Amino acid sequence: MISIEQMAIVLDTLPDPAFILSRSGKYIAVFGGRDARYYHSSDGLVGLRITDIVENEKADWFLEQIELALDSGQLLIKEYELNSLDINIESIDGPKHSLWFEGRIQRLDFLVDGEAVVLWVASNISERHELEIKLRTLSDTDQLTGLFNRRKLERDLALHYDAFERYAVPASILMFDLDNLKKINDTLGHYSGDEIIRTIGDICRSELRKTDIACRFGGDEFVIGLPNINLKDAVTFANRLRKHFKLELNRFSTEDIPISISIGVVTMEPADRSYEETLRRADDALYEAKRSGKDQVRLG
Ligand SMILES: Nc1nc2c(ncn2[C@@H]2O[C@H](COP(=O)(O)OP(=O)(O)OP(=O)(O)O)[C@@H](O)[C@H]2O)c(=O)[nH]1
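Sequence order as written defines the numbering, with residues in each chain counted from 1. Local features in this predicted model are restricted to residues whose pLDDT is 70 or higher, and side-chain atom pairs enter the listing and the counts only when it is 80 or higher, whereas totals over whole chains, interfaces and linings include all residues.

We apply this condition: UniProt positions are given in the numbering used here, feature names are shortened, and annotations may be inferred rather than shown by experiment.
Per an unreviewed UniProt entry, the recorded name for the chain is diguanylate cyclase, and the organism is Marinomonas polaris DSM 16579. We quote the UniProt Catalytic activity (unreviewed entry) comment for the chain here in full: "2 GTP = 3',3'-c-di-GMP + 2 diphosphate". Taken from UniProt, the Cofactor (unreviewed entry) comment for the chain reads in full: "Mg(2+)".

### Some points on the sheet that holds strand β7 (residues 213-218)
Counted only if it meets this: DSSP-based pairing: two strands are paired if at least 2 bridges between them are found. Numbering of helices and strands starts at the N terminus; helices are DSSP runs of H or I of at least 4 residues and strands are runs of E of at least 2. The convention used is that axes are lines fitted to C-alpha atoms, helices contributing only their stretch in contact, and that angles between N-to-C directions extend from 0 to 180 degrees. Throughout, a pair of residues is in contact if the C-beta atoms placed from their backbones lie within 7 Å.
Read from one edge to the other, the open sheet built from five strands follows the order β7-β8-β6-β9-β10, with strand pairing classed as mixed. At either margin of the open sheet sits one strand with a lone partner, and together these are β7 and β10 (297-299). For this sheet, the mean inter-axis angle between neighbouring strands, taken without regard to orientation, is 20°. Two elements, β7 and strand β8 (residues 221-227), share five bridges in a ladder whose sense is antiparallel. Looking at β8, one finds that R216 is bridged to F222. Against the sheet, helix α8 (residues 231-249) makes contact with β6 (171-178), β8, β9 (261-267) and β10, and its axis sits at roughly 170° relative to β9, the strand it touches most.

### Points about the nonpolar core
Applied cut-off: Remark: nonpolar core denotes a set of buried Ala, Val, Leu, Ile, Met, Phe, Trp, Tyr and Cys residues whose joining runs through C-beta atoms within 7 Å. To sort residues by burial, count the other C-beta atoms lying within 10 Å of each one's C-beta; a count of 20 or more means buried, 12 or fewer means exposed, and anything in between means partly exposed. C-beta atoms are built from the backbone.
With 44 residues, the main nonpolar core has L174, C215, V223 and I263 as its most contacted residues. Non-local contacts of V223, meaning those with residues more than four positions away in its chain, are made with L153, I173, L174, M175, C215 and F217. With 16 residues, the next largest nonpolar core counts I66, A69, I105 and A122 among its residues.

### Describing the domain arrangement of the chain
As a reminder of what qualifies: For the purposes of this description, domain bounds are those given by an automatic or database domain assignment.
You can read the domains of the chain as domain 1 (4-133) and domain 2 (140-299). The gap between the C-alpha centroids of domain 1 and domain 2 is 48 Å.

### Here's the deal with the site of the ligand
Our working rule: A molecule or strand has a residue near it when that residue's C-beta atom, placed from backbone coordinates, lies within 6 Å of it. When residues are grouped by polarity, Ala, Val, Leu, Ile, Met, Phe, Trp, Tyr, Cys and Pro land in nonpolar, Asp, Glu, Lys and Arg in charged, and all others, Gly among them, in polar.
In the neighbourhood of the ligand, 17 residues make up the surrounding shell, with D179, L181, K182, G193 and G219 lying closest. Elements with a minimum of two residues in the shell around the ligand: β6, α6 (181-188) and α7 (190-207). Along the lines of polarity and charge, the residues of the shell around the ligand split into four nonpolar, five polar and eight charged.

### Digging into unusual backbone geometry
Backbone geometry at A168 places phi at a positive 55°, although glycine is not the residue there. Along the chain, the position of A168 falls in the loop between α5 (150-167) and β6. A positive phi angle, near 65°, is found at N180, a position not held by glycine. By secondary structure assignment, the location of N180 is in the loop between β6 and α6. The class for N180 is partly exposed, based on 18 C-beta atoms found within 10 Å.

Structure, rendered in structure tokens:
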């Protein structure tokens with residue numbers, strides 16, 4: 001059997017901080033989490049309330065979680081961030097940058113000063129969180145161009161179609177394809193073809209707003225989603241883009257292989273039953289641009 005004194009040492013040596021918090025957000029007791037590389041100091045917390053140290057919105061969130069854990073009686077697991085906007089990190093010992101935590105919150109079956117209480121164990125998961133963000137970004141990105149890939153595009157277009165259908169928020173789509181890439185590969189080599197595709201990514205990044213979605217759809221085919229843009233403005237944009245591409249890609253052109261792009265432009269319409277139908281119309285418009293001699297913009 002270990003003694004009460006040894007038990008106290010064990011609690012204080014817990015690698016992750018464990019808080020006993022009341023329903024009203026009062027810190028009743030704090031144990032462990034002493035490593036200043038991973039955790040802010042919890043010295044002086046006992047007796048304070050969450051609202052004393054955490055800004056309003058975040059404090060409300062903490063109180064909500066306590067309430068949920070108390071009501072359900074079941075283990076509640078939540079991830080959250082604490083940064084200098086939430087608490088005055090500068091004045092507290094410990095890491096100064098923002099941290100991500102996994103909170104494990106469980107009702108305790110006793111009252112303190114007549115109030116229900118929970119045990120809140122906070123594990124620092126910042127490294128895991130960063131890795132997850134990197135993985136998510138990687139899985140949404142086309143390696144050659146750094147643009148989004150088709151999976152991410154389709155996810156975003158589904159959301160924009162939803163906004164269009166419910167609230168009539170316009171959204172337009174450009175689908176474009178390099179002209180004559182096969183000849184370029186055959187004549188100048190596959191690496192030149194790759195460089196042209198990479199350059200397309202750079203031009204897209206320089207031309208687009210943050211909310212636009214530029215994606216390499218596959219091979220030498222690209223799609224740009226333009227939220228909040230109607231057909232007229234989308235066509236103006238497509239023409240500007242075509243000229244910009246022509247200018248930049250000119251350095252790859254040879255006498256008998258001009259390098260340009262063909263673009264199909266459409267906007268979401270009530271007759272489209274899904275974003276896939278809008279995309280299909282963009283593809284038809286692109287096909288028309290190719291059929292009519294390439295290096296041009298066609299409306300669908
Ligand atoms: N270098 C390079 N070539 C690629 C890549 N992806 C696809 N391609 C080539 O791009 C060509 C695309 O086919 P098409 O669109 O029919 O060929 P195109 O010569 O551009 O024909 P048009 O679109 O009618 O002008 C194929 O030859 C593919 O091998 C890539 O990542 N790098």
